[in-house]
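If you want the building blocks of each chain, they are given just below.
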Amino acid sequence: MYRDFEYPDENLAEKVQAIREEIKDEYRKHHEHPWVVAFSGGKDSTLLLQLVVDAILELPPSKRKRRVYVVSNDTLVESPLVITHLKKVVARISNGMEALDLPVTVHVTAPKSDQTFWVNLIGRGYPPPSRMFRWCTDRMKIRPTSAFIKETVSQTGQCILLLGVRSAESTTRARSVEKHTVRDDEGKAERLNPHSDLKGCMVFRPIVGLTTDEV
């Protein structure tokens, strides 16, 4: 459960391979808890998914047993260009996983009808989202994904959520990462940490130590 090594500094290739090895090590654990990979289509989540797929492909077919759910989100208010791109990307990922015969499926979540942007903005009179009141993120992204995770946990007892978060994103992100990191008596960070809100969900952040340039 603990991170057994430090990422090497010599070159990026070694660092990336070290991350793949950590992903493989966790994937081979002797339990059947499924993985949920949060995928937005941005650079961080795209790299995370690529590394997960690469790691699984490095395992023999007999060891590729753990179910992996790739979860993306449709807020229902994105521009037609963004939605078209999302659908194309999701379809390509799904077709690719099927062609490779990997236990990976893609799912797109959406907010419930009573939590959509226009219902809240017009129906409930919410002000337009701002930096001080970002109600849209919770209702249109977090809640749909959380509902999927809860359903997965209810079926299996536990799941592992893989996030493409990085400490180097910002000072705020670094503080958040440290706040939710569990450490042992020697100060060593655990690989998996309990989700702050979802019971039965553990969080795995494989690329947390990468910089933006490395991504």
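Reading the values: the criteria
Residues numbered from 1 in each chain as written. Predicted model: local features only at pLDDT ≥ 70, side-chain atom pairs only at ≥ 80, totals over all residues. Heavy atoms only, no water. Core = buried A, V, L, I, M, F, W, Y, C linked by side-chain atoms within 4.5 Å. Buried < 20%, exposed > 50% of the residue type's maximum accessible area, 1.4 Å probe, protein only. Contact = heavy atoms within 4.5 Å. Helix = DSSP H or I, 4+ residues; strand = E, 2+ residues; numbered from the N terminus. Patch = residues over 30% accessible without salt bridge, like charges linked within 9 Å, V, L, I, M, F, W, Y side chains within 5 Å. Areas by Shrake-Rupley, 256 points an atom, 1.4 Å probe, with all protein chains shown as cover. Salt bridge = Lys/Arg side-chain N within 4 Å of Asp/Glu carboxyl O.

Draft legend 1. Layout of the nonpolar core. Counting residues in each nonpolar core, the largest one holds 29 residues, and the members touching the most others are I23, W35 and L162. Dropping the residues within four chain positions of it, W35 is found in contact with I23, E26, Y27, V52, R66, R67, V68, Y69, I160, L162 and F204. If you look at the next biggest cluster of nonpolar residues, it comprises ten residues, including V36, Y69, I149 and C159.

Draft legend 2. Layout of the environment of R143. Relative to the helices and strands, R143 is located in helix α5 (residues 135–156). In this structure, the C-alpha to C-alpha distance between R143 and A110, residues 33 residues apart in sequence, is 9.0 Å.

Draft legend 3. Local environment of a nonpolar patch on the surface. Together, L76, V77, W118 and I122 make up an exposed nonpolar region whose accessible area comes to about 430 Å². Mapped onto the elements, L76 comes out in the loop between β2 (68–73) and α3 (80–99). Take L76: its relative accessible area is 47%, and that puts it in the partly exposed class.

Draft legend 4. How the structure looks around the pattern of salt bridges. Using the criterion set out here, one finds ten salt bridges in the structure. Across the salt bridge formed by R191 and E22, the nearest N and O atoms sit 3.3 Å from each other. Taken as a pair, R191 in the loop between α6 (171–179) and β5 (192–194) and E22 in helix α1 (residues 12–27) lie far apart in primary sequence, 169 residues in all. By the burial criterion, R191 is buried, and E22 matches it. Three or more residues are tied together by salt bridges with common partners; here these are R20, E21, K24, D54 and E58.

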